[in-house]
Amino acid sequence: MTGLSRFLCELRSKEASRLSALGEAAGFAHEVAGIAHMVHSREKRKAAKRSDRFFREDSSPKKWDTFLEHANRKSFVKQVARDPRGDDKLARHADSMNRLMSGRAIGRVKGRTGTYKIIKLRGKKQLGCTCADWRYKRSVAAKGKQDCRHIVEFKARAKTAS
Ligand SMILES: [Zn+2]
């Protein structure tokens, strides 16, 4: 592997597709497409490994922190949803964590054990919160039960302000 392709390998698939557009323009589309494919399958392998580790691990709070970190990547979310050891609820949880991680922070609310960020979930009208209650329960709760106390407080505050 040349130094260049090794370097490109390190890039995430998103960057790789942008590069392939650049590559096409520069006239070496074929080579760049090959590298993009390599990056993509590497991403998939990594997601499979992480997902497998998740399903094997015993339950611990740290396990869910790691889950949140990994859920930042769509490849992981897809892999978890695909795994027969999981269920719909877990798939929904993974999707919510991905939207939480990639959403936009629109406020902060002080709780009993810390200050939490109120997040506008990516691609949804719904709000999320970085507190444990929202992450573990509300993110997969039925409609009408999806707001933690911080979101409720945030919404009430927004109402009085307007
Ligand atoms: Zn909260």
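Residues numbered from 1 in each chain as written. Predicted model: local features only at pLDDT ≥ 70, side-chain atom pairs only at ≥ 80, totals over all residues.

Visitor: I tried to follow the sheet that holds strand 3 (residues 127–129) on my own but got confused; where do I start?
Guide: Across the sheet, three strands lie side by side as 1-2-3; this open sheet has antiparallel pairing. Strands at the two margins of the open sheet, each flanked by one partner only, are strand 1 (104–110) and strand 3. Pairwise comparison of adjacent strand axes, ignoring direction, gives a mean angle of 30° for this sheet. Pairing of strand 2 (residues 115–120) with strand 3, which is carried by three bridges, proceeds in the antiparallel orientation. If you follow Ile119 over to strand 3, its bridge partner there is Gly128. (Pairing = 2+ DSSP bridges. Helix = DSSP H or I, 4+ residues; strand = E, 2+ residues; numbered from the N terminus. Axes fitted to C-alpha atoms, helices over the stretch in contact; angles between N-to-C directions.)

Visitor: Help me out: how do you make sense of the environment of Gly107 in this one?
Guide: Position of Gly107 among the secondary structure elements: in strand 1. Through-space distance from the C-alpha of Gly107 to that of Lys117 is 5.9 Å; in sequence the pair is ten residues apart. Apart from the residues within four sequence positions on either side, Gly107 is in contact with Ile118 and Phe154. (Contact = placed C-beta atoms within 7 Å.)

Visitor: What exactly am I supposed to notice about the pairing of strand 1 here?
Guide: The side chains of a regular strand alternate, residue by residue, between the two faces of the sheet. Here strand 1 runs beside strand 2; their pairing, made up of six bridges, is antiparallel. Residue pairing in the sheet places Gly107 in a bridge with Ile118 of strand 2. Turn length for the strand 1-strand 2 hairpin, with the two strands adjacent in sequence and antiparallel, is four residues.

Visitor: Looking at this structure, how should I read helix 5 (residues 74–82)?
Guide: Because each turn of an α-helix spans 3.6 residues, side chains separated by three or four positions in sequence point in the same direction. The set of residues buried in helix 5 consists of Ser75, Phe76, Val77, Gln79 and Val80. On the buried face of helix 5, the contacting elements are helix 3 (29–56), helix 4 (61–70) and helix 6 (88–101). (Buried ≥ 20, exposed ≤ 12 C-beta atoms within 10 Å, placed from the backbone.)

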